[in-house]
Amino acid sequence: MSPAPDRRQLLKLLAAAPVAAQFAAAAPAEAAPAEAAPADAAPVVGAAAPGVVKPLPPELFTIRGTNAETNFAALRGTGPLTPADRFFVRNHTSTPRIAEADWKLTVWGSGLHGRRPVEFSYDRLRSLPSVTRTAVLECAGNGRSFYASQQGEPATGTAWTLGAIGAAHWRGARLRDVLHLAGISSTAVDVLPRGLDDEFISDGANLGRVRRPLPVAKALDDVILAYEMNGEPLPYDHGFPVRVIVPSWVGIASIKWLGDIEVSDRPLSSPWTTEFYRLFGAAYPAGGSEPLTRQTVKAAFELPLGASVGAGRTHRLTGRAWSASAPVRQVEISTDGGAHWQRARLRDTPHRGGWVRWTADWRPHAIGPAELLARTTDRAGNTQPERSVHNTQGYLFDAVVRHPVTVV
Ligand SMILES: Nc1nc2c(c(=O)[nH]1)N[C@H]1C(S)=C(S)[C@@H](COP(=O)(O)O)O[C@H]1N2
Ligand SMILES: [Mo]
């Protein structure tokens, strides 16, 4: 289903670009110390993540438990869209293989006129008017490991660096159209999409199937029920046959392997809005913040953490920058740990909800360790702080990442 990873193309790319070749030769550095929580087992290089269908070659992915993080360096030379063969996978359990002929979507609940469940087959969903949106999908925990490694404040959960993000063209039906066909009533307040993957067991407690409510206002706005990613049927790992895409919101909202949607005339909750995906910690109320919605603003280098860079010649640094709130306005780079900043060149037209590629040239002289920083500012004035406000589960890390390299 998903195209085979084109290793030859990647190796050619690495061989062609001297800077990239050096980076490839450098041992991939582990940014985060081993974590306390068992879900954060040290990454395994060269093995398959349990439960992921597509190949996960170590040059493209770092495996973290049941998840696979995209190596940012593997995006160098790719276009604005993330190819499916290197798109991160975040699975609570494992990828189910569901045949489209066996699939149906059931829409049900107190928020429907008539209160009778309405079913949609795959063919019926595909026969509805379709929309295509470019949207990044980013895990709320993306960058989590930097709370520990950069701020000395550990957080529970998967120790992602910055690769729990990808951008794709998503094609599907509007959730709005499906809800109207199902007879959504004006009294409906929340909708709750639920996945068909296995029930999730956390610390011995069965939390049921992965599900997370959305307010009706968002559901009727820009949410799509996607059956295509980058012009191909969704790969198994990304939600085949149909997944939800909730633009600009935390990745957990974009439920994969969609099976049913409850439409309710009362507010709904799930462990994914009560226990998880809220901010808990010293800076927040005892019961936590409101459930997370919008993502933040970030930048990343397409370079391994701990890469070696040759002294005395010019290197083209490349990376990506994104913000969920507004188009990216500028990206600034520091190659001396934050003392001086220069503007990077933006290589794509900034769009809200997308990301931009950027480049900056660097000619290092002093041999030894160095820190590269990239800082994004969006058109709404949001920018990356030096420090993120800590929360115990390590969500929404938005501080400027200090990217270690060694000049050799
Ligand atoms: N059914 C289901 N949907 C899910 C998940 C899951 O485990 N099961 N993981 C969520 C999380 S936490 C994220 S970040 C995104 C990841 O999407 P991807 O694996 O396609 O990159 O899917 C979300 N949707
Ligand atoms: Mo996530």
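An account of the accompanying structure is given in this report. What you see is a predicted model, and the numbers here were worked out from it, not measured in a lab.

Secondary structure summary: the protein contains seven helices and 23 strands in total. Buried positions account for 57% of the 408 residues belonging to the protein. Taking as baseline every contact in the protein between residues at least 6 positions apart, the subset at least 24 positions apart corresponds to 73%. With an accessible surface of roughly 16,700 Å², the protein has 52% of that area assigned to carbon and sulfur atoms.

Most of strand S11 (residues 224-229) sits out of view: six of its six residues are buried. As defined by bridge partners, S11 adjoins strand S13 (residues 243-245) across three bridges and the pair is classed as antiparallel. Looking across to S13, one finds that Ile224 is bridged to Ile245. One ladder, built from two bridges, connects S11 with strand S12 (residues 232-233); its direction is antiparallel.

So, on to the nonpolar core. In this structure, Leu105, Val107, Leu125, Trp170, Val178, Leu225 and Val263 are the most contacted members of the largest nonpolar core, which totals 64 residues. Counting residues per element, this core draws most heavily on S11, which supplies five residues. In this structure, Ala299, Phe301, Leu303 and Ala374 belong to the second largest nonpolar core, which totals 20 residues.

Moving on: the packing of aromatic side chains. Aromatic rings considered in pairs are described by the distance between their centres and by the relative angle of their planes. The final tally for this structure, using the stated rule, is 14 aromatic pairs. Relative to Trp355, the ring of Trp322 has its centre 5.7 Å away and its plane inclined at 65 degrees; by these criteria the two rings are edge-to-face. Residue Trp322 is located in strand S17 (residues 315-323), and its partner Trp355 is located in strand S21 (residues 355-362); the two are separated by 33 residues in the primary sequence. For the pair shown, Trp322 and Trp355 are each scored as buried. Just above the ring of Tyr236 sits the side chain of Arg97; from NZ or CZ to the centre is 5.6 Å. Its guanidinium or amino end placed over the ring of Trp341, Arg375 lies 3.9 Å from that ring's centre, counting from NZ or CZ.

Now for the pairing of strand S4 (residues 118-121). Here S4 shows one buried face, formed by Val118 and Phe120, and one open face, formed by Glu119 and Ser121. By the bridge criterion, four bridges tie strand S3 (residues 104-108) to S4 in an arrangement that is antiparallel. Bridge pairing in S4 places Lys104 opposite Ser121.

This paragraph deals with the pattern of salt bridges. In the structure shown here, the tally under the stated rule is 16 salt bridges. Between Arg86 and Asp85 there is a salt bridge, with the nearest N and O atoms lying 3.1 Å from each other. By relative accessible area, which is 6% here, Arg86 ends up buried. The residue Arg320 makes a salt bridge to Glu302 at a minimum N-O spacing of 2.7 Å. Pair noted here: Arg320 is in strand S17 and Glu302 is in the loop between strand S15 (297-301) and strand S16 (307-309), with a separation of 18 residues, a long-range link.

Turning our eyes to something else, we now look at the sheet that holds strand S22 (residues 368-378). Across the sheet, five strands lie side by side as S16-S23-S22-S18-S19; this open sheet has mixed pairing. Sheet topology places S16 and strand S19 (342-343) at the edges, where each strand pairs with a single neighbour. Sheet analysis places S22 next to strand S23 (residues 402-407), joined by six bridges and oriented antiparallel. Bridge assignment links Leu373 to a residue of S23, and that residue is Arg402.

Below, the discussion takes up the site of ligand 1. Ligand 1 sits among 20 residues. The nearest are Phe88, His92, Asp197, Arg243 and Lys256. Between ligand 1 and His92 there is a distance of 2.8 Å, counted from an oxygen atom to a side-chain nitrogen or oxygen. At 2.8 Å, a side-chain N or O of His238 approaches an oxygen atom of ligand 1. With the chains in place, 100% of the 530 Å² that ligand 1 exposes on its own is no longer accessible. More than half of the atoms of ligand 1 fall within 2 Å of the grid points belonging to the largest cavity.

The rules behind the values
- Residues numbered from 1 in each chain as written.
- Chains lettered and ligands numbered in written order.
- Predicted model: local features only at pLDDT ≥ 70, side-chain atom pairs only at ≥ 80, totals over all residues.
- Heavy atoms only, no water.
- Helix = DSSP H or I, 4+ residues; strand = E, 2+ residues; numbered from the N terminus.
- Buried < 20%, exposed > 50% of the residue type's maximum accessible area, 1.4 Å probe, protein only.
- Contact = heavy atoms within 4.5 Å.
- Areas by Shrake-Rupley, 256 points an atom, 1.4 Å probe, with all protein chains shown as cover.
- Pairing = 2+ DSSP bridges.
- Core = buried A, V, L, I, M, F, W, Y, C linked by side-chain atoms within 4.5 Å.
- Phe/Tyr/Trp six-rings, centres within 6.5 Å; stacked < 30°, edge-to-face > 60°.
- Lys NZ or Arg CZ within 6 Å of the ring centre and 35° of its normal.
- Salt bridge = Lys/Arg side-chain N within 4 Å of Asp/Glu carboxyl O.
- Near = heavy atom within 4 Å.
- Polar contact = N/O pair within 3.5 Å; in protein donor to acceptor, adjacent residues only side chain to side chain.
- 1 Å grid on protein atoms, 1.4 Å probe; cavity = no way out; pocket = protein on both sides within 12 Å on 5 of 7 lines; lining within 4 Å.
- Sits in = over half its atoms within 2 Å of the grid points.

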